[in-house]
Amino acid sequence: MNTAQTTPPTWLRRWDGPLTANLTLRPADFGLGLVPARLAPTATTTMVCGYCSTGCALKIHLQDTQAVNLTPDPDYPVNLGMACPKGWEALTPLRAPDRATQPLLRDPRTGRLEPVDWDHALQVFTLRFKALMDQHGPESVAFLSTGQICTEEMAFLGALFKFGMGALHADSNTRQCMATSAVAYKQAFGFDAPPYTYADFEESDVLVFIGSNLCIAHPILWQRVLRNARHPEIVVVDPRTTETALCATQHLPIRPKTDLALLYGTAHLLIANGWIRRDFIEQHTTGFDEFARFVAPFTPERVSRETGLTTPQLHRFARTIAHGRAVSFWWTMGVNQGHESTRTAQAIINLALITGNIGRPGTGPNSVTGQCNAMGSRLFANTTNLLGGRDFANPDHRATVARILGIPQERIPDRNSLTYDQILDAIDAGAIRGLWVIATNPFHSWIGRDRLHALLDKLEFLVVQDMYTSTDTARHAHLILPAAGWGEKEGTFINSERRIGLVKKVARAPGQALSDFRIFQLIAHYWGCADLFRAWTSPEAVFQILKRLSAGQPCDFTGIRDYQMIDACGGIQWPWPEHETSSRGHAATIHALRTSLRERRLFADGRFPTPDGRARFLFEPPRPAPDQPDAHHPFILLTGRGTSAQWHTNTRTGKSEVLRQLYPQQTYVEVNPADAARLRIVTGQTVEVSSRRATVRATAVVTPAVQPGHLFMPMHYPETNRLTVPAFDPYSRQPAYKHTAVRLRPVPARSHTTTQP
Ligand code: SF4
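Residues numbered from 1 in each chain as written. Predicted model: local features only at pLDDT ≥ 70, side-chain atom pairs only at ≥ 80, totals over all residues. Heavy atoms only, no water.

## Points about the domain arrangement of the chain
Looking at the assigned domains, one finds that the chain contains domain 1 (1-174 + 373-546), domain 2 (179-210 + 220-237 + 245-251 + 258-368), domain 3 (551-598) and domain 4 (635-751). The straight-line distance from the C-alpha centre of domain 1 to that of domain 4 is 31 Å. In this assembly, 27 residues from domain 1 lie in contact with 30 residues from domain 4. Of all residues in domain 1, Lys86, His444 and Ile447 bury the most surface against domain 4, accounting for 27% of the area lost on that side. (Domains from an automatic or database assignment. Contact = heavy atoms within 4.5 Å. Buried area = accessible area lost by both parts, 1.4 Å probe.)

Right under this line is the structure:
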């Protein structure tokens, strides 16, 4: 390690507040001593993939304790020996040349990022954030984090920031993908509790996919559907003829953002025809009579007018649900990323409740989430929920957390953080002046992303903690903290079906990059609050703390003894409370979790974690989407996943030569043949797409996959979110990425310019 001190720039010398004592970094911090004690020099070890929420297990092949290759694990209950292209290429991004290998600090004289050592970087981090908080109050700084780091790291970050540093405002990019599902479940069931297990894909008679292109976004879960031997009905509700829709037995090509009318109309038909489970409704739900009155006006004729579907299509859909013995409803971003997304998710939940399709094999209102550890974030990120799925505003919850952590209760805020969009508003208003971004790339991914550039002048201090120095966000940082990636550190992820799986250290982080966990430890020392985190000595020590924080909650996993038990069982779904292990004994528990209890679903007893034990019907009238088309912007732009070889902003998938062969390198836009003929556009031509905020260029792909009047652009290209409109669901504050009014025009051949992202 280079310990030479770089001369602090002049602006830094303005702050002469107290510096904490230097903390000695150990050689092991930089990968030199990273031989994982549990791994033999040449061996294989199994760990969970670091991309999506499916949570596949990969066997990592080691040479001299370092990963050299991988194969999917045939024994893991999630992927059964399969992996998608991203999983097969999971090790490649670790070796990319643009890895962040040492801290970088922007020199205000030259404007360039210059290398500094960790001591200098952490002193600057501490001095500048403390100075902002001293001058403008504790609410003048914020962090934006991720669903991509380990649960133990998320918990450490949230606890450090709020209880240690005394700040308040924090959110993560999970706001962009599953905040809606979390709020919808919490309001309807009393807890953020996706009820299903992946075996349900194989055990349904009817699978309904709403706003979910499972084939592409969750390809291994689609393989689970293909294993279904019951010849199920597959209904896909999607404005676009997606890869999943092509495989459907019924495709409902709905008008964008009219799902709520369709779902209420379907409930109306089910109730009107008596195709409901009255016994289940009476014993396990509350609010049905009001709901039935509410949906009565959603006649097939009205719903047909609003959705663009025919009345026979609506009747057939309702009949299919009614006649299914086991019906499962699956949704992803097409629902979550809408202006009325929470009520839409709850309209799906309502259908499951009135038909009694919950708690049995092959059933459930099931949100498939996005990122590898979005579910860990939902329970333990300590952003807008208190640790363990609790509430900051609840004094009993604060007291419980304070007791378990051994900290004064006054250190726990008694109110929620601002959400992601509200944090940006606060930057705009000058209330937030310092921002710490961890493992996410909002300058690419945020809705209407040009706004971020406009806010740069208002940010006095932007810290980016990331694996790479080259992301759109890192390029604007004042300070870059180099972080280890998946495979270079330990911890746990929780997948979409609530399965806790292990991440292991199988590669050295490059240069001076540190695990996020270690960075948080160091910041605690430099900030002067390390005493609060004396017990947070390692990821596994924090896992033990998280267990205690889960005790008595619906997510209780106190029966999981340690990481080795997770490894031995092939992941363990929550809940798994202590009595489940103690009543069986350890060996019998592992056997049970590997066999008969390998797949578990919630609510089999019909009891929900609400005060009265009943699920709630929640509903409200549909509203038109914001940003409606007009004569100037006559098209509706849809966005979504491009291919299964791409992940979000391509930060990691773009590093793989193999994956780059599997998707177009140029930004492209899908155009219906009728629109293309009218505008004289052909495939391969450069076109201009303009919204009310920006104009971008893209390559046209003429395809009937989109309906006349619709366009589709994948989210992976930075141009796409220059167009999208910053609109949000009022309950989840999730951005509405899926509906933007745009104009399309061909670009004359002589004015073609590059459209490379
Ligand atoms: Fe990884 Fe998701 Fe692909 Fe499985 S489906 S290999 S978890 S990216």
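Having seen the model, we can carry on.
## Re the pattern of salt bridges
Taken as a whole and assessed by the stated rule, the structure comprises 39 salt bridges. We note a salt bridge from Asp425 to Arg451, for which the minimum N-O separation is 2.9 Å. On the criterion of sequence distance, the pair formed by Asp425 in helix α19 (residues 420-428) and Arg451 in helix α21 (residues 450-455) is long-range, its members being 26 residues apart. Assessed through its relative accessible area of 38%, Asp425 is described here as partly exposed. With its nearest N and O atoms 2.7 Å apart, the salt bridge here joins Arg584 to Glu580. Arg584 gets classed as partly exposed once you look at its relative accessible area, which sits at 35%. For Glu580, a relative accessible area of 23% gives the class partly exposed. Within this structure, Glu202, Arg224, Arg227 and Glu599 form a network of salt bridges that share partners. (Salt bridge = Lys/Arg side-chain N within 4 Å of Asp/Glu carboxyl O. Helix = DSSP H or I, 4+ residues; strand = E, 2+ residues; numbered from the N terminus. Buried < 20%, exposed > 50% of the residue type's maximum accessible area, 1.4 Å probe, protein only.)

## A short note on the site of the ligand
Close to the ligand lie Cys49, Tyr51, Cys52, Thr54, Gly55, Cys56, Cys84, Lys86, Gly87 and Ile220, which account for all nearby residues. Cavity membership is defined here by more than half of the atoms lying within 2 Å of grid points; on that basis the ligand lies in the second largest cavity. Residue composition of the shell around the ligand, grouped by class: six nonpolar, three polar and one charged. (Near = heavy atom within 4 Å. 1 Å grid on protein atoms, 1.4 Å probe; cavity = no way out; pocket = protein on both sides within 12 Å on 5 of 7 lines; lining within 4 Å. Sits in = over half its atoms within 2 Å of the grid points. Nonpolar A, V, L, I, M, F, W, Y, C, P; charged D, E, K, R; others polar.)

## Side note on the nonpolar core
Within the largest apolar cluster, 132 residues are counted, with the highest numbers of intra-cluster contacts made by Leu160, Phe189, Ile354, Trp436 and Trp574. Discounting residues that sit within four places of it in the chain, Phe189 has contacts with Ile349, Leu353, Ile358, Pro365, Phe603, Phe608, Pro609, Thr610 and Ala615. Ranked by size, the runner-up nonpolar core spans 44 residues in total, among them Ala57, Ile60, Tyr196 and Ile234. (Core = buried A, V, L, I, M, F, W, Y, C linked by side-chain atoms within 4.5 Å.)

## Focus: unusual backbone geometry
The peptide bond linking Trp574 to Pro575 adopts the cis configuration, its omega dihedral lying at 5 degrees. Positive phi outside glycine occurs at Phe603, with the angle close to 65 degrees. Residue position: Phe603 is located in the loop between α26 (586-594) and β20 (615-616). Of note in this structure, Asn650 is not a glycine but carries a positive phi near 65 degrees.

## Details of the packing of aromatic side chains
Considering all chains together, one arrives at 37 aromatic pairs under this definition. Among the aromatic side chains, those forming a connected cluster through ring pairs are Phe125, Phe129, Phe143, Phe156, Phe161, Trp436, Phe461, Phe517, Phe520, Phe533 and Trp536. Lying over the aromatic face of Trp574, Arg498 brings its terminal NZ or CZ to 5.6 Å of the ring centre. (Phe/Tyr/Trp six-rings, centres within 6.5 Å; stacked < 30°, edge-to-face > 60°. Lys NZ or Arg CZ within 6 Å of the ring centre and 35° of its normal.)

## Section: the confidence of the model for the chain
Confidence in the prediction for the chain averages 93 pLDDT; 93% of positions are at 70 or higher. Residue range residues 1-23 is modelled with pLDDT below 50. Its contacts to residues more than four positions away, or to other chains, number 47 contacts. Across residues 30-35 the pLDDT falls below 50, and counting only partners more than four positions away or on other chains, this stretch makes 19 contacts in the model. (pLDDT = per-residue confidence, 0-100.)

## Topic: the state of the cysteines
Tallied over the full model, the rule gives zero disulfides. Note on Cys177: no disulfide assigned, nearest cysteine sulfur contributed by Cys372 at a separation of 10 Å. The class for Cys177 is buried, based on a relative accessible area of 6%. Cys49 supplies the cysteine sulfur nearest to Cys372, a cysteine that is in no disulfide, at a spacing of 7.5 Å. For Cys372, a relative accessible area of 2% translates into the label buried. (Disulfide = S-S within 2.5 Å.)

## As for the sheet that holds strand β4 (residues 104-106)
If you trace the seven strands from one edge of the open sheet to the other, you get β5-β4-β16-β15-β14-β6-β7, paired in mixed fashion. Of all the strands in the sheet, just β5 (113-115) and β7 (169-172) have a single pairing partner and so form its edges. Shown here is a sheet whose adjacent strand axes are inclined to one another by a mean of 15 degrees, direction ignored. As defined by bridge partners, strand β15 (residues 461-466) adjoins strand β16 (residues 479-482) across four bridges and the pair is classed as parallel. Each residue of the ladder has a partner; that of Val463, found in β16, is Leu479. Here helix α3 (residues 118-136) sits on the sheet in contact with β4, β6 (141-145), β14 (434-438), β15 and β16, set at roughly 135 degrees to β15. (Pairing = 2+ DSSP bridges. Axes fitted to C-alpha atoms, helices over the stretch in contact; angles between N-to-C directions.)

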